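Descriptive analysis of the structure
Here is how the chains run, residue by residue.
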Amino acid sequence: MPEQTFLDIRHLEAGYGRSQVLFDVNISIPWRGGVAVLGRNGAGKTTLMKTIVGELASPKGELFFDGRDITRRRTEERVRSGIGYVPQEHSVFARLSVRDNLAVGSLFNVDPAAVDRILTIFPKLGQRLDQPAGTLSGGERKMLAIGRAMLGDPKLLLLDEPTEGVWVGVIEEITERLIELAKQIAVVIVEQHLDLALRVADYAYVLDRGRVALQGAAGEVRSDPELLRYLAP
Ligand SMILES: Nc1ncnc2c1ncn2[C@@H]1O[C@H](COP(=O)(O)OP(=O)(O)OP(=O)(O)O)[C@@H](O)[C@H]1O
Ligand SMILES: [Mg+2]
């Protein structure tokens, strides 16, 4: 288990109506560094992200963030206390321009210096500031979603498949930015690209049908003979 727990997920259960998806999930996220959440389609990765951010209520279990019990806190409070979230889908406002999407990310207290920092990290966005986000390429859209979440100055950033639908040439660019980011804050990354995930992450959890089936340092998990069985469709 990683030391210096920042987000502590204990005995978490969650699901939709009567269909339970997560079973007794225990996860520790350290103050800094990347943690990967792996697992095949339908394993419960997105459900876990939604439960951490409070979009989905957890009938059982506890969440401690930065030493405080946030289990009953609403999503806005969790975001304000420093949890950023880049969802798998609908991560940008398609009709709003890139500039206005970034304004939403900073909760309208637009600090030009903060926006400039994001544009330095993702220069492609700078050329598209007045373009509706719905007209961006898949990669640009992901960069915008990540940039917007970073404008809220999160201490923990949850990324649900940040390279899904992104052209291979741009995946490397996003990966390098995430590796840099994970040196500064806590990053939780859900990824289908195993190599990418384990470059960003120091530690990995593998979900299998809503349970943590495997966990360990990224290198150990990568070489675990059971890993491919849990990732196979
Ligand atoms: N809104 C919903 N209502 C009912 N069931 C849902 C809902 N969202 C997800 N599920 C079910 O919960 C299970 C876990 O889904 P989840 O989206 O968490 O998986 P995932 O690991 O993120 O998969 P993927 O890799 O395909 O994104 C699946 O069986 C899915 O069908
Ligand atoms: Mg998912």
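Residues numbered from 1 in each chain as written. Chains lettered and ligands numbered in written order. Predicted model: local features only at pLDDT ≥ 70, side-chain atom pairs only at ≥ 80, totals over all residues. Heavy atoms only, no water.

1. Comments concerning the layout of surface pockets
Going by this rule: In this analysis, the protein atoms alone were mapped onto a 1 Å grid. Cavities are point sets where a 1.4 Å probe fits without being able to get out; pockets are open sets with protein on both sides within 12 Å along at least five of seven lines; lining residues have an atom within 4 Å of a point. Grid points are joined across faces, edges and corners, and a volume is the space filled by probe spheres set on the points. Under the convention adopted here, Pro, Cys and the residues Ala, Val, Leu, Ile, Met, Phe, Trp and Tyr are nonpolar, Asp, Glu, Lys and Arg are charged, and Gly plus all remaining residues are polar.
Space inside the second largest pocket adds up to approximately 400 Å³. Along its surface, the second largest pocket is lined by 16 residues, and Arg117, Met150, Asp153, Leu181 and Gln184 are the ones closest to its centre. Residues of the lining of the second largest pocket, tallied by class, amount to 10 nonpolar, 1 polar and 5 charged.

2. Points about the coordination of the magnesium ion (ligand 2)
Operational definition: Any nitrogen, oxygen or sulfur atom within 2.8 Å of a metal ion counts as a donor, with the limit raised to 3.2 Å for Na, K and Ca, and since water is left out, coordination shells can look unfinished. Secondary structure is summarised from DSSP: a helix means a run of H or I of at least four residues, a strand means a run of E of at least two, and numbering begins at the N terminus for each. Think of it in three bands: with a 1.4 Å probe and only protein chains considered, a residue is buried below 20% of the maximum accessible area for its type, exposed above 50%, and partly exposed in between.
On the protein side, the magnesium ion (ligand 2) has Thr46 (OG1) and Gln88 (OE1) as donor atoms, found 2.0 to 2.2 Å from it. Taken together, the positions of Thr46 in helix α1 (residues 45-53) and Gln88 in the loop between β6 (83-86) and α3 (98-105) put the pair 42 residues apart, joining distant regions of the chain. Residue classification places Gln88 among the partly exposed positions, given a relative accessible area of 21%.

3. Notes on the side chain of Glu173
Basically, it comes down to this: Residues are treated as being in contact if the distance between any of their heavy atoms lies within 4.5 Å.
Structurally, Glu173 is set in helix α7 (residues 168-181). Each residue touching Glu173, except ones within four places of it in the same chain, is listed here: Pro123, Lys124 and Met143.

4. Side note on the sheet that holds strand β2 (residues 19-30)
What counts is decided by this rule: A strand pair is defined by DSSP finding two or more bridges across the two strands. For helices, the fitted line uses only the C-alpha atoms of the stretch in contact; every axis is such a line through C-alpha atoms, and the angle between N-to-C directions lies from 0 to 180 degrees.
The strand order β2-β1-β4-β5 describes an open sheet built from 4 strands, whose pairing is antiparallel. Two strands bound the open sheet, and with one partner strand each, they are β2 and β5 (68-69). Bridging between strand β4 (residues 60-65) and β5 involves 2 bridges; their strand directions are antiparallel. Counterpart to Phe64 in the pairing with β5 is Asp69. With respect to the sheet, α1 is in contact with β1 (5-16), β2 and β4, its orientation differing from that of β1 by roughly 115 degrees.

5. Points about the pattern of salt bridges
Rules: Salt bridges are counted wherever a side-chain nitrogen of Lys or Arg sits within 4 Å of a carboxyl oxygen of Asp or Glu.
As enumerated under the stated definition, the model contains 15 salt bridges in all. Salt-bridge contacts for Glu176 lead to Arg177; the nearest nitrogen and oxygen are separated by 4.0 Å. Two residues, Glu180 and Lys183, come together in a salt bridge whose shortest N-O distance is 3.1 Å. Assessed through its relative accessible area of 40%, Glu180 is described here as partly exposed.

6. Points about the sheet that holds strand β3 (residues 33-38)
Here we have 6 strands laid out as an open sheet, ordered β6-β7-β8-β3-β9-β10, and mixed in their pairing. The sheet terminates laterally at β6 and β10 (211-217), the two strands that pair on one side only. Between one strand and the next, the sheet's axes are offset by a mean angle of 15 degrees, whatever the strand orientation.

7. Overview of the site of ligand 1
To keep it simple, the criterion reads: Working definition: residue near molecule or strand if any one of its non-hydrogen atoms lies within 4 Å of it. Side-chain atoms alone can form a polar contact between residues adjacent in sequence; in general such a contact is a pair of N or O atoms within 3.5 Å, and within protein one must be able to donate a hydrogen while the other accepts it. Each accessible area is a Shrake-Rupley result for a 1.4 Å probe, and residues are judged covered by the shown protein chains and nothing else.
Taken together, 13 residues sit near ligand 1, with Gly42, Gly44, Lys45, Thr46 and Thr47 positioned nearest. Within the side chain of Tyr16, one N or O atom sits 3.5 Å away from a nitrogen atom of ligand 1. Contact between ligand 1 and Thr47: an oxygen atom at 2.5 Å from a side-chain N or O atom of the residue. Protein burial of ligand 1: of its 640 Å² of free accessible surface, 59% is covered by the chains.

8. Overview of the nonpolar core
As a rule of thumb, soluble globular proteins bury nonpolar side chains together. Counted only if it meets this: Take the buried Ala, Val, Leu, Ile, Met, Phe, Trp, Tyr and Cys residues and link them wherever side-chain atoms come within 4.5 Å; each set so joined is a nonpolar core.
In this structure, Ala36, Leu38, Leu102, Leu144, Ile146, Leu157 and Leu178 are the most contacted members of the largest nonpolar core, which totals 47 residues. Counting residues per element, this core draws most heavily on helix α6 (residues 138-151), at 7 residues. Once residues within four sequence positions are removed from consideration, Ala36 is found in contact with Ile189, Ala197, Leu198, Ala201, Tyr203, Ala204 and Tyr205. If you look at the next biggest cluster of nonpolar residues, it comprises 31 residues, including Phe6, Val25, Met49 and Ile52.

9. Details of the packing of aromatic side chains
Definition in use: Here a pair means two rings of Phe, Tyr or Trp (six-membered ring of Trp) with centres within 6.5 Å. Their orientation is stacked below 30 degrees between planes, edge-to-face above 60, and tilted elsewhere.
Inspection of every chain in the model, using the stated rule, returns 3 aromatic pairs. Taking the centre distance of 5.3 Å and the plane angle of 55 degrees together, the rings of Tyr203 and Tyr205 count as tilted. By the burial criterion, Tyr203 is buried, and Tyr205 matches it. Through a chain of ring-to-ring contacts, the aromatic side chains of Phe6, Trp31 and Phe65 assemble into a single cluster.

10. Observations regarding α6
Basically, it comes down to this: The span one expects for a helix is its residue count, reduced by one, times 1.5 Å.
Helix length check: α6 (14 residues) gives 20 Å between terminal C-alpha atoms against 20 Å at 1.5 Å per residue, within 8%. Most of α6 sits inside the fold, with 12 of its 14 residues counted as buried. Residues of α6 that are buried include every one of Gly139, Glu140, Lys142, Met143, Leu144, Ala145, Ile146, Gly147, Arg148, Ala149, Met150 and Leu151, and no others. Count one or two residues on from α6 and you reach Asp153, which has phi positive near 55 degrees.

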